[in-house]
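Coordinate analysis (summary)
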Amino acid sequence: MDAAHIRNFSIIAHIDHGKTTLSDRLLHRTGTVATRDMEDQLLDAMDLERERGITIKAHPVTMLYTAKNGEEYELNLIDTPGHVDFAYEVSRSLSACEGALLIVDAAQGVEAQTVANVHLAMKQNLHIIPIINKIDLPHANIPMARQQLEDILAIPGDDAILASAKEGIGIEEILEAIVARIPAPKINPLETFQALIFDSYFDTYKGVVILVRVTAGELRPGMHVKMLHSGRSVEIKEVGSFNPKPYTRAKLENGETGYITANIKTPREVKVGDTITDPRNPSEELPGFQEIQPMVYSGIYPINTADFEGLKVAISKLQLNDSALTFQTESSAALGFGFRCGFLGLLHMEIVQERLRREFDMDIIATYPSVIYRVKLTGGVVKEVDNPAFLPDVTYIEQIEEPIVKAFVICPGENLGDIMGLISEKRGVIKNTETLDTRRVMLTCRIPMNEILIDFHDRIKSITRGYGSMDYEQAGYEVSDMVKLDMLVNNEPMDAFSSLVHRSKAENRGRTLAAKLKEVIPRQQFQIAIQGAIGGKIIARETISAMRKDVTAKCYGGDISRKRKLLEKQKEGKKRMKSIGSVEIPQEAFIEVLKTN
Amino acid sequence: MRGGGHTRVRIELNPQERALKLSTVPEPVRSLYVHVPFCAHKCEYCAFYSAPPSGGVIERYVGALVKELELIAAECRPSTVFFGGGTPSLLTLKQWETVLSAMARLGLSGAPEFSVECNPATVSADKARLLRDHGVNRISMGVQSLDEGLLERLGRVHTRDMVFRSFDVLRAAGFSNVNVDLMFAIPGQTPEIWDQTLTEALALGSEHLSCYEVIYEEDTPLYQQLQAGAFAVDEALACSMYDHLRERAAAAGFQQYEVANWARNSATAGPVVELPGVSLAGIPSHACRHNVGYWRGLDSFGVGPSASEYVRGLRSRNWANTDLWITQLERGRRAKEFAEALSPRARAGEMAAFGLRMNAGWPWEEFRTRTGLDLRDAEWREDLVGLVRRGWVEETETHVRLTPQGLRFADAVGEILIRVDEAPPEAVRAPARTLRLEAMP
Ligand SMILES: Nc1nc2c(ncn2[C@@H]2O[C@H](COP(=O)(O)OP(=O)(O)O)[C@@H](O)[C@H]2O)c(=O)[nH]1
Ligand code: SF4
């Protein structure tokens, strides 16, 4: 197809505002799929994605549409991951587009997630077509939605198309707007060919399937191509598009999106954002490439130590389709052998853990997550630390910087006070408060990322009884008074519970942990001290009193065998216990505390 | 300490036995336990195998018991016999006569220590005299408490008065070796009640005292009440009751010889029953020899439903099901539910663990001759050094024993000293419900 008749676009929407329904409508209206099969979610493939209403893998769908002007257009809908954890992937997908449909629920209005994604699209200079969806709802408030588009997103409200994806209202108009308002791909006057890799997935038969947007020339099977950042040269085996199932094509031309395969077995060699070009006559690299960097780390351990190998296989398999996930072996005195895993963000972390449990049936426990700190040593060297265990000795530390995010929180006006309280409890600074409509306010704030790792989102949801929403974007690093909190049992540190915390939070956390540990560590024949310590300073202490006896009961002939078996069982149980500071601690105790963390 | 002057009973081998001894046939077993699985009413805390008797079950039991005694008689020449339960005193005079005369016929009577457990509610003068006449010379009375409220709480069928009356009956019948069983840390028992019970129990002037903390066994009503939060376990209270007991018992002239057992040590009273290969040094004269045998790992036959035995390396247990047990014996077979043989190392570990429950501990040499392994060897060295360091064990030239502090942690010590067989070499477990029986040697 000539570039003038190609349109590449994506859809930006908050969860449940109707992205899936609208996509299905578009596929149906353009005849790409004959009937809408309710069970077969067309774009969101994984169960987990479906449940959580998010897309992790972006699949482009190619539709042919004959416009009112009588001409046929190739419309490529590039579905983007719906969460900021995947902000980089989102940005690469968006950079494969010239435009985006922005869906706003006529009854709900603009939500936090919409704000963050619109900001990303604007950074990519995409043409945005606002759509006010669900106008069929009785409590739809179109003027409010228009007003919010202007006030919050600076998008002219009058440009909005009124639609009901459910009722099929406005679909035609949307398709026409895609053709009319979204620019055609630029004709690139290059002597060579060039394409952007905006995603990839692993197929057992074909190897890595690379999703590409051609930015110059064309791609055909048999061509030798080079990926500039990974440095790898390969021969294209197959090219094609999705409808939404993959189908092969003779070639992908300038401006088109689709996939290529090249018998690549190692997904890590295919980097999102990389440039594909002619090895003999290479083009420039496309702008915006980044190596994917995990933002959050956590240890994942098998609950049953014998499952270590199985866990390794499971994580490796996950990684085939999720090259953003990193892992390496680590060991803990308390939990045995496991893996230090790196994630793009919190949601990514949760998804990986949940997939390990569900799809691979692994019984796992995760340690307290950590962000990456920049530790400046005396002498100027800067070290990145994602595991408190590797924090250099304090005497060598000049300062510690922690990552900050810019967070958008939208909540009903009546919860404003509580939300502000939560933000300040989380060491956040509110930068801006905007009234969205009669009911809602949006707070923009800067918050240390480590504060939102655990329960920030849950607490917003519970304060607002589900009406609040939250999103964030990375906002650099700031110097911070971070300390390493160690938990000690009879003066020996329990590595699984060490964490880097802000000084103002250390005491509280130390106390809470000490109290929980007191509950789960069994009494022994001597007194046990559980302490929280910063450096040498004890900031929390609990004592488990000594057991004064274990037997004053009788035991005669008939009891001997039974009693021996009981002792045998205890002895076997001890083998599975970790001895820390001569205190025997069952692994379950650690797990119990980590779970409630 | 044992002074001189008391009568020692030697178990003379009869000519037939002597002949057996000269050939390769092993020594006869010197200990016999008989389980009587009937109680008038089930106590709240009880996990023993016993049930109220119905129909003619006791009659059939007695018949089967005689059969089981016949099956083991050739290998058994008991120095100690113990009738436990259940409530052995529930058998009628006639039933006792049947059992005791069968024992006489089978060469199982005449044991120098012959104990029968009695419930204070079921001791009559006739029965006491009959038992005494048939060679029973030791009675163990299940008193548990002398507080009416607690007796009721525990579901005991007797009153405090019955205890005093039964005691007199036993003395009148000529029993000069009587044990009193008491329990402490009973839910609702205050230190004052415990002290009162001790005062009255000690005033009885029994020769032996068994005192133990209430045990919460699964599947008992008391356990369920505990689980349901009806009361809480107060460890500190249990400890102080134990301490109080030790003081009071000592002051009353009792010598503690095991975690839960006290006995008088007198130069004048009763015969000293010797146990083959067991040194009785440091063990009071009125200690229950039968139980000493268990703790020192002697072979012992066990007959009756649910009874355990340890005979020539094989530990086994009868079915805890009276009907099943009777049916099997009526077919001429013992009714074994399970049997296991431990490796020498595991067996030695078990003997170390249980032997150290006794204050006298283990003489190094006796342990070595009996088990073929030495507690002074590398196998246990590190464990024992650690235990000595903790202050729980003391080692002398001749003995290894628990310290007073160690006695409180006998279970922890046992856990350290036992040795677990990876896969028990000859563990045999009859599949549930099949009635196949192990052919006993
Ligand atoms: N009334 C009404 N409901 C809609 C409309 N579009 C979508 N929905 C419903 O809104 C819910 C979420 O839609 P979905 O397309 O899954 O949203 P997504 O999470 O953005 O993909 C579903 O129950 C849809 O049936 C609409 O135009 N009108
Ligand atoms: S008398 Fe003894 S055996 Fe019988 S129920 Fe009570 S405690 Fe159990």
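Residues numbered from 1 in each chain as written. Chains lettered and ligands numbered in written order. Predicted model: local features only at pLDDT ≥ 70, side-chain atom pairs only at ≥ 80, totals over all residues.

Turning to the site of ligand 1, a few remarks are in order. Residue and element names in this part refer to chain A. Residues in contact with ligand 1 amount to 16 residues; listed here are only the nearest, Gly18, Lys19, Thr20, Thr21 and Lys166. In terms of residue count, helix α1 (residues 19-29) provides more of the shell around ligand 1 than any other element does, three residues in total. Classifying every residue of the shell around ligand 1 by side-chain character gives four nonpolar, seven polar and five charged. (Near = placed C-beta within 6 Å. Helix = DSSP H or I, 4+ residues; strand = E, 2+ residues; numbered from the N terminus. Nonpolar A, V, L, I, M, F, W, Y, C, P; charged D, E, K, R; others polar.)

What follows covers the nonpolar core. If you look at the biggest cluster of nonpolar residues, it comprises 163 residues, and the most contacted ones within it are Ala100, Leu102, Ile131, Val212 and Val409 of chain A. For this core, the element with the most residues is strand β24 (residues 397-412) of chain A, which contributes eight residues. Leave out the neighbours within four places in its chain, and Ile131 of chain A touches Leu101, Leu102, Ile103, Ala160, Ile161, Ala163 and Ile174 of chain A. By size, the runner-up hydrophobic cluster in this structure holds 121 residues, among which are Val29, Ile72, Ile139 and Val169 of chain B. (Core = buried A, V, L, I, M, F, W, Y, C linked by C-beta atoms within 7 Å. Buried ≥ 20, exposed ≤ 12 C-beta atoms within 10 Å, placed from the backbone. Contact = placed C-beta atoms within 7 Å.)

This part takes up the interface of chain B and chain A. Taken together, the contacts link 32 residues of chain B with 20 residues of chain A. Broken down by secondary-structure element, the contributors of at least two residues to the side of chain B that touches chain A are β7 (208-213), α9 (235-251), α10 (289-295), α12 (344-355) and α16 (410-417) of chain B.

Moving on: the sheet that holds strand β4 (residues 99-105) of chain A. Residue and element names in this part refer to chain A. Ordered by their spatial adjacency, six strands build an open sheet running β2-β3-β1-β4-β5-β6, and the pairing between neighbours is mixed. Whereas interior strands pair on both sides, the edge strands pair on one side only; in this sheet they are β2 (60-66) and β6 (161-162). Alignment of β4 against strand β5 (residues 127-133), held across seven bridges, turns out to be parallel. In the strand pairing of β5, Asp105 is matched with Asn133. (Pairing = 2+ DSSP bridges.)

The subject of this paragraph is the pairing of strand β2 (residues 29-36) of chain B. Residues and elements named next belong to chain B. When you tally the buried positions in β2, you get eight out of eight residues, the bulk of the element. Note that β2 and strand β3 (residues 76-85) share seven bridges and pair parallel. Counted as the bridge partner of Val34 is Phe83 from β3. Crossover handedness for the path β2 to helix α2 (residues 57-73) to β3: right-handed. (Right-handed = clockwise from strand over helix to strand, strands pointing away.)

Before going further, it helps to spend a moment on the packing of α2 of chain B against helix α3 (residues 93-105) of chain B. All names here are of chain B. Between α2 and α3, the least distance of the axes is 10 Å, while the angle of their chain directions is 5 degrees. Taken as axis vectors, α2 and α3 run roughly parallel relative to one another. Contact residues: Ile58, Val62, Leu65, Val66 and Leu69 in α2; Gln95, Thr98, Val99, Ala102 and Met103 in α3. Of the residues contributing to the contact of α2 with α3, the split by class is eight nonpolar, two polar and no charged. (Axes fitted to C-alpha atoms, helices over the stretch in contact; angles between N-to-C directions. Parallel < 35°, antiparallel > 145°, perpendicular 65-115°, else oblique.)

On to the environment of Phe308 of chain A. Residues and elements named next belong to chain A. Relative to the assigned elements, Phe308 resides in helix α7 (residues 308-320). In sequence terms Phe308 and Thr329 are 21 residues apart; their C-alpha atoms lie 9.9 Å from each other. Discounting chain neighbours no more than four positions away, the residues touching Phe308 are Pro302 and Phe337.

Right, let's talk about the pairing of β5 of chain A for a bit. Residue and element names in this part refer to chain A. With six of seven residues buried, β5 lies mostly within the body of the structure. Taken together, β4, helix α4 (residues 112-123) and β5 constitute a β-α-β crossover, and its handedness is right-handed. With helix α5 (residues 142-153) bridging β5 and the parallel β6, this β-α-β connection has right-handed handedness.

This paragraph deals with the environment of Glu584 of chain A. Take Glu584 of chain A: it is sitting in strand β34 (residues 583-586). When neighbours within four sequence positions are excluded, Glu584 of chain A is seen to be in contact with Gln524, Lys574, Met577 and Ser579 of chain A.

What follows covers the packing of α3 of chain B against helix α4 (residues 125-133) of chain B. The geometry of a pair of packed helices is captured by two quantities: the angle between their axes and the separation between those axes. Residue and element names in this part refer to chain B. For the pair α3 and α4, interaxial distance at closest approach is 10 Å and the crossing angle is 5 degrees. In terms of orientation, α3 and α4 fall into the roughly parallel class. Facing Leu93, Trp96 and Glu97 of α3, the residues of α4 in contact are Asp126, Lys127, Leu130 and Leu131. Classifying every residue of the contact of α3 with α4 by side-chain character gives four nonpolar, no polar and three charged.

Let us now look at the confidence of the model for chain A. Model confidence for chain A is summarised by a mean pLDDT of 88, while 95% of its residues fall at 70 or above. The low-confidence segment residues 52-56 of chain A (pLDDT under 50) makes 18 contacts with residues lying over four places distant or belonging to another chain. (pLDDT = per-residue confidence, 0-100.)

On to the confidence of the model for chain B, then. All names here are of chain B. On average, residues of chain B score 87 in pLDDT, and 89% of them reach the 70 mark or higher. Across chain B, element-level confidence peaks in helix α7 (residues 191-203) with a mean pLDDT of 97 and bottoms out in strand β1 (residues 8-9) with 40. With pLDDT under 50 throughout, residues 1-23 is counted as low confidence; its partners more than four residues away or in other chains account for 22 contacts. Scored below 50 in pLDDT, residues 424-441 shows 25 contacts in the model against residues more than four places distant or in partner chains. In the predicted assembly, ipTM is 0.83 and pTM is 0.64.

This part covers the sheet that holds strand β15 (residues 257-261) of chain A. All names here are of chain A. Reading across the sheet, the eight strands line up as β11-β10-β16-β7-β8-β15-β12-β13 and stay open at both edges, with antiparallel pairing between neighbours. Two strands in the sheet have a free side with no partner beyond their single neighbour: β11 (233-235) and β13 (246-249). When strand polarity is set aside, the average angle formed by the axes of neighbouring strands in this sheet is 40 degrees. Inspection of the sheet shows strand β10 (residues 224-227) paired to β11 by three bridges, in the antiparallel sense. Residue pairing for β11: His224 is matched across the bridge by Glu235.

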